[in-house]
Amino acid sequence: MTARAAIVTVSYNSEDVLPAFLASTTAASGRQVEVVVADNDSAHPAVLRAVVEGAGARFLELGENRGYGAAANAAVATLDTDVSWVLVSNPDVVLEPGALDRMIATAADDATIGAVGPRLLEPNGEVYPSARLVPSLRTGLGHALFANIWPRNPWTRRYRQDDDHDGQRDAGWLSGACLLVRRDVYDRLGGFDERYFMYFEDVDLGWRIGRAGYRNVYEPRAAATHVGGTATQGASERMRRAHHESAYRFLAGKYSAWWLLPLRVVLRAALIVRARSTHTR
C-alpha cells in the first residue's frame, strides 16, 4: 500500500458535523492522507475554513453552490497526480479506524475493482443498504410505487439488496455517502455527472464504472456511520423533489428508446406520487 490516497468531502453549512468527520479521517488510515473540503457557498465560510484548517485539512471555497457531484469533482481536480485512491464522503459521516486502509487493500488485490464501499451504519447501528443494484425500469417502478406503502415488496428488496450486508460482494452501485474510487477510473469517466445537482450522481457513476468493465465492491469489513446533520433540515420537500427528478433523469436516460415512452410516462407519474411521501431511501 504505497500509492497515495486522499479524502474529499463537500460541505454546505456543515459546521455541526465536520469536526467529527475530520477527526475520524486521521484514524481511517495508518498513513498520512490529504483531506480536501469543497464548500458549496455556505453561509459562514470563514467559520468552516477555521474548522477545516484547524484540523489540518484543505478548504476549497467554491463561492457558489455547484451541487454535490460538481463540488466533489472540483476537489478531486486539485489533487496531485500521484494520488491513486480517492475516498469521496459526506461530511456527516464518521469513519471507523482503519476503514480507508481496508477499502484500499480490497481494491488493490484486484485490478478490475473500480470502487469500494464500506458497511454504512445508521446512528442506531442499523445497516443502511448502501450497495444496491442499478435500477431497471421494472425495479424503479416497483420501488417508486410500493416502497412507502409496502416496504418489503419484492422490487424494493431486490433493488436495495436488503438481506445481503454481511459478506463482500459485487454491487451495481455504491452510496456516494462514503465511496472509494480508483483515481484513474474516476478521471477516465470524468468523475460525477454534473447534470445531477444532488442525488443519483452515485448511481450514475456506479453504472458507468460497471459499463467500463470495472467492479463496484461492497466491503463490510470497513465501516462508517452516517450520523446526519442540520445542513439539510427544513428542506425535505425540496430535497424529495430533487431526489425524484434525479431518479427520473437516470432511468429516462438509461431507457431512452422511443418505444419505451409509455413506461417513462408511468415512471414519471409514480415518482411524482412518491415525492409527496416522507421517504426517499
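Calculation notes
- Residues numbered from 1 in each chain as written.
- Predicted model: local features only at pLDDT ≥ 70, side-chain atom pairs only at ≥ 80, totals over all residues.
- Heavy atoms only, no water.
- Helix = DSSP H or I, 4+ residues; strand = E, 2+ residues; numbered from the N terminus.
- Contact = heavy atoms within 4.5 Å.
- 1 Å grid on protein atoms, 1.4 Å probe; cavity = no way out; pocket = protein on both sides within 12 Å on 5 of 7 lines; lining within 4 Å.
- Points joined across faces, edges and corners; volume = space filled by probe spheres on them.
- Nonpolar A, V, L, I, M, F, W, Y, C, P; charged D, E, K, R; others polar.
- Buried < 20%, exposed > 50% of the residue type's maximum accessible area, 1.4 Å probe, protein only.
- Pairing = 2+ DSSP bridges.
- Core = buried A, V, L, I, M, F, W, Y, C linked by side-chain atoms within 4.5 Å.
- Axes fitted to C-alpha atoms, helices over the stretch in contact; angles between N-to-C directions.
- Parallel < 35°, antiparallel > 145°, perpendicular 65-115°, else oblique.
- Left-handed = near helix turned anticlockwise from the far one by under 90°.
- Phe/Tyr/Trp six-rings, centres within 6.5 Å; stacked < 30°, edge-to-face > 60°.
- Lys NZ or Arg CZ within 6 Å of the ring centre and 35° of its normal.

Caption draft 1: Structural view of the overall build of the protein chain. Secondary structure summary: the protein chain contains ten helices and twelve strands in total. Of the contacts formed within the protein chain by residues at least 6 apart in sequence, a portion of 77% connects residues at least 24 apart.

Caption draft 2: Focus on the layout of surface pockets. Taken as a whole, the second largest pocket spans an internal volume of roughly 220 Å³. Taken together, 13 residues form the lining of the second largest pocket, with Thr 25, Thr 26, Val 33, Val 35 and Gly 56 sitting closest to its centre. For the lining of the second largest pocket, the secondary-structure elements that each account for two or more residues are helix H1 (18–25) and strand E2 (34–39). Its residues assigned to classes, the lining of the second largest pocket comprises five nonpolar, five polar and three charged.

Caption draft 3: Expanded view of the pairing of strand E11 (residues 178–182). In terms of burial, E11 is a largely internal element, five of the five residues being buried. Covered by surrounding structure in E11 are Cys 178, Leu 180 and Arg 182 together with Leu 179 and Val 181, the residues of both alternating faces. Note: strand E4 (residues 83–89) against E11, five bridges, orientation antiparallel. Within E11, the residue paired with Trp 85 across the bridge is Arg 182. By the bridge criterion, two bridges tie strand E6 (residues 113–121) to E11 in an arrangement that is antiparallel. Directly across from Ala 115, in E11, lies its bridge partner Val 181.

Caption draft 4: Just the nonpolar core, in detail. One finds Ile 7, Leu 22, Leu 87, Leu 95, Leu 100 and Leu 180 to be the most contacted residues of the largest nonpolar core, which totals 31 residues. Tallying contributions element by element places helix H4 (residues 99–108) first for this core, with five residues. Counting 30 residues, the second largest nonpolar core, distinct from the first, contains Val 36, Val 76, Val 88 and Tyr 214.

Caption draft 5: Quick peek at the packing of H1 against helix H2 (residues 45–54). The N-to-C vectors of H1 and H2 enclose an angle of 20°; their axes lie 10 Å apart at closest approach. In terms of axis orientation, H1 runs roughly parallel to H2. The element H1 and its partner H2 pack so that their crossing is right-handed. Together, Leu 18, Pro 19 and Leu 22 of H1 and Leu 48, Val 51 and Val 52 of H2 make up the contact between the two elements.

Caption draft 6: Up close: the packing of aromatic side chains. Overall, the coordinates contain two aromatic pairs when judged by the stated rule. Summarising the aromatic geometry, the rings of Tyr 186 and Phe 192 are spaced 5.9 Å apart at their centres and angled 90° between planes, so their arrangement reads as edge-to-face. Pair check on accessibility: Tyr 186 and Phe 192 agree, each one buried. Each member of the aromatic cluster is reached from another via a ring pair, and the members are Tyr 68, Tyr 186 and Phe 192. Cation over ring: Arg 211 sits above Trp 207, and NZ or CZ is 4.5 Å from the ring centre.

Caption draft 7: View of helix H3 (residues 68–77). The element H3 is largely enclosed, with a buried count of nine among its ten residues. Along H3, the residues that are buried comprise Tyr 68, Gly 69, Ala 70, Ala 71, Ala 72, Asn 73, Ala 74, Ala 75 and Val 76. Buried residues in H3 make contact with strand E1 (4–11), E2, strand E3 (58–61), E4, helix H7 (183–189) and helix H8 (201–211).

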